Amino acid sequence: NKKTTLATAGIAGTSHLYGNIISNLNANKTINIGVIGTGVRGGGLMSMINGIDHVNVIAGCDVLPFRLNKGLVRANSNPKGYSDYRKLLDNKDIDAVIVATPFNTHSKIAIDALDAGKHVFCEKTLAKGYDGVRQLVKKANQSKSIFQTGHQYHSSRLYTHVVDLIKDGKVGNITSFVSQWNRHGNWRRPVPEPKYEKAINWRMYREFSGGLTAELGSHQIDFVNWVLNETPNQVMGIGGVDYWKDGRETYDNVHLIYSYSNGVKANFTYLTSNAKDGYQIKVIGDLGTIIVDMENAWFYPEGKTKNRVLGDVDGVSGATVQWDKEKGYKINVEHINPTKQALIDFREAVLNNKQPESDITTGAKAAICVQMGLDAMHNNEIVKWNSSILNP
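Residues numbered from 1 in each chain as written. Predicted model: local features only at pLDDT ≥ 70, side-chain atom pairs only at ≥ 80, totals over all residues. Heavy atoms only, no water.

(A) Focus on the sheet that holds strand β2 (residues 55-61). In spatial order, the strands read β3-β2-β1-β4-β5-β6; together these six strands make up an open sheet with parallel pairing. Here the strands that pair on one side only, and so sit at the sheet edges, are β3 (80-82) and β6 (147-150). Going from strand to strand, the sheet's axes swing by 25 degrees on average, the running direction of each strand aside. With four bridges connecting them, strand β4 (residues 96-99) and strand β5 (residues 119-123) associate as parallel partners. Bridge pairing links V97 to V120 in β5. Across the sheet, helix α10 (residues 338-351) is in contact with β1 (31-36), β2, β4, β5 and β6; its angle to β5 comes to roughly 155 degrees. (Pairing = 2+ DSSP bridges. Helix = DSSP H or I, 4+ residues; strand = E, 2+ residues; numbered from the N terminus. Axes fitted to C-alpha atoms, helices over the stretch in contact; angles between N-to-C directions. Contact = heavy atoms within 4.5 Å.)

Okay, here's the thing in structure tokens:
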């Protein structure tokens, strides 16, 4: 049925349009947040929370005074500043924390926050190394607190609709994913004094960081796991410091292939020397391809051309399916910034004691995949999935 097919591609059901409204029971409840790590990401989240009802940043923490001060002024709630996150966790007025610190500190800080009885929103990638993942999973599973991993595309109403389309058979039998997040730049941030190099540019150093794979790739790897409802059985890959020869240790180009037990292969490329097409995920099946970027999605059917006359798909929304830039038929879904939606969803999870879509388990699976990819590249070997990490 062509009409049904096009309607499915073009418009989301109403359940995907907006986040749930706060229940009347909790309508007057405000969640007090402490942000641990007030750098670019943490400070950005603080600004975003200014526009979210029933969430209030009352504290921020950073080990660098100038970064703490810069972060604190981004919140409109006059938060208290801390240089030691443990002192922030001692504040009984704080209901929940956001962990936006360097990758290698996530596990320890999140465990301490759970021990302090706080709900936790932990930025991606969840934790560094298999032991870090194992310890945090064990603690979160023992805790009554809400735990959400910052893979915000789980909250995107566009992405959830796309996943539903794929699971409903829109692209047919999936054979491949081709993903990239390419940029043209050295990925460095300015440093006021040389002594702050590793504190600010921690992403460049293996001790603290998983580089492009952890900072960018984790989102797209998480998406593939989500779509397939599986984890990969093995990964191979290669990378290097081949363009920005500036003393960095983490790779400036990454090429990974994950294979799944059903035969699906997922290819991930991350460059810093060419930005063509930027961020993109292609879900390739025998009936068609869905292409997703950060804000849009398209469906490109197999065996059909763009020379189709298409009218209104839905009289209520007025959405029109049309061919767009050779990418295919535009998938129209109303949605807000995924990070803001993720923060709203965190609020909902805390107020209603509800498990987040991006939880400790999905976050842990993506983190394991990241470490597998790093091991494959660093050791030039095929790395197999180890199921024991999720069952500590």
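We are not done yet, so read on.
(B) Expanded view of the pattern of salt bridges. By the definition in use, this model includes 15 salt bridges. Among the ionic pairs, R134 bridges to D131, the shortest N-O distance being 2.7 Å. You can see R134 and its partner D131 sitting in helix α6 (residues 129-142), three residues apart, about one turn around the helix. Salt-bridge contacts for R157 lead to D345; the nearest nitrogen and oxygen are separated by 3.2 Å. Of this pair, R157 sits in helix α7 (residues 157-167) while D345 is found in helix α10, placing the two residues 188 residues apart along the sequence. Given the relative accessible area of 12%, R157 is considered buried. Each of the salt bridges in this network shares a partner with another, and the network as a whole consists of R188, E197, D246 and R248. (Salt bridge = Lys/Arg side-chain N within 4 Å of Asp/Glu carboxyl O. Buried < 20%, exposed > 50% of the residue type's maximum accessible area, 1.4 Å probe, protein only.)

(C) Summary view of helix α5 (residues 106-115). α5 sits mainly inside the fold: eight of its 10 residues count as buried. Along α5, the residues classified as buried are H106, S107, I109, A110, I111, D112, A113 and L114. Positive backbone phi, approximately 80 degrees, marks G117, located one or two places after α5.

(D) Representation of the pairing of β2 within the structure. With six of seven residues buried, β2 lies mostly within the body of the structure. Where β1 and β2 come together, six bridges link them in parallel fashion. Each residue of the ladder has a partner; that of G34, found in β2, is A59. A crossover connection joins β1 to the parallel β2 through helix α2 (residues 40-49); in handedness this β-α-β unit is right-handed. In this structure, β2 lies alongside β3, joined through three bridges in parallel fashion. Looking at β3, one finds that C61 is bridged to Y82. (Right-handed = clockwise from strand over helix to strand, strands pointing away.)

(E) Local environment of the packing of aromatic side chains. For the coordinates displayed, the defined rule picks out 11 aromatic pairs. Each ring, one from Y159 and one from F223, has its centre 5.5 Å from the other, and the planes form 80 degrees; the classification is edge-to-face. In this pair, Y159 is assigned in helix α7 and F223 in helix α9 (residues 211-228), connecting sequence segments 64 residues apart. Each member of the pair, Y159 as well as F223, carries the same accessibility label: buried. (Phe/Tyr/Trp six-rings, centres within 6.5 Å; stacked < 30°, edge-to-face > 60°.)

(F) A look at the environment of Q371. Counting through the fold element by element, Q371 comes out in helix α11 (residues 360-379). For the pair Q371 and A127, spaced 244 residues apart in sequence, the C-alpha to C-alpha distance is 9.5 Å. Setting aside its immediate chain neighbours within four residues, Q371 contacts G129 and Y130.

(G) Quick peek at the sheet that holds strand β10 (residues 265-271). Taking strand neighbours across the sheet as the criterion, the 10 strands line up as β14-β15-β13-β12-β11-β7-β10-β9-β8-β16 in an open arrangement whose pairing is mixed. Sheet topology places β14 (323-324) and β16 (383-384) at the edges, where each strand pairs with a single neighbour. When strand β8 (residues 234-240) meets β16, the two strands line up antiparallel, connected through two bridges. From the neighbouring strand, V235 faces β16, where its bridge partner is V383.

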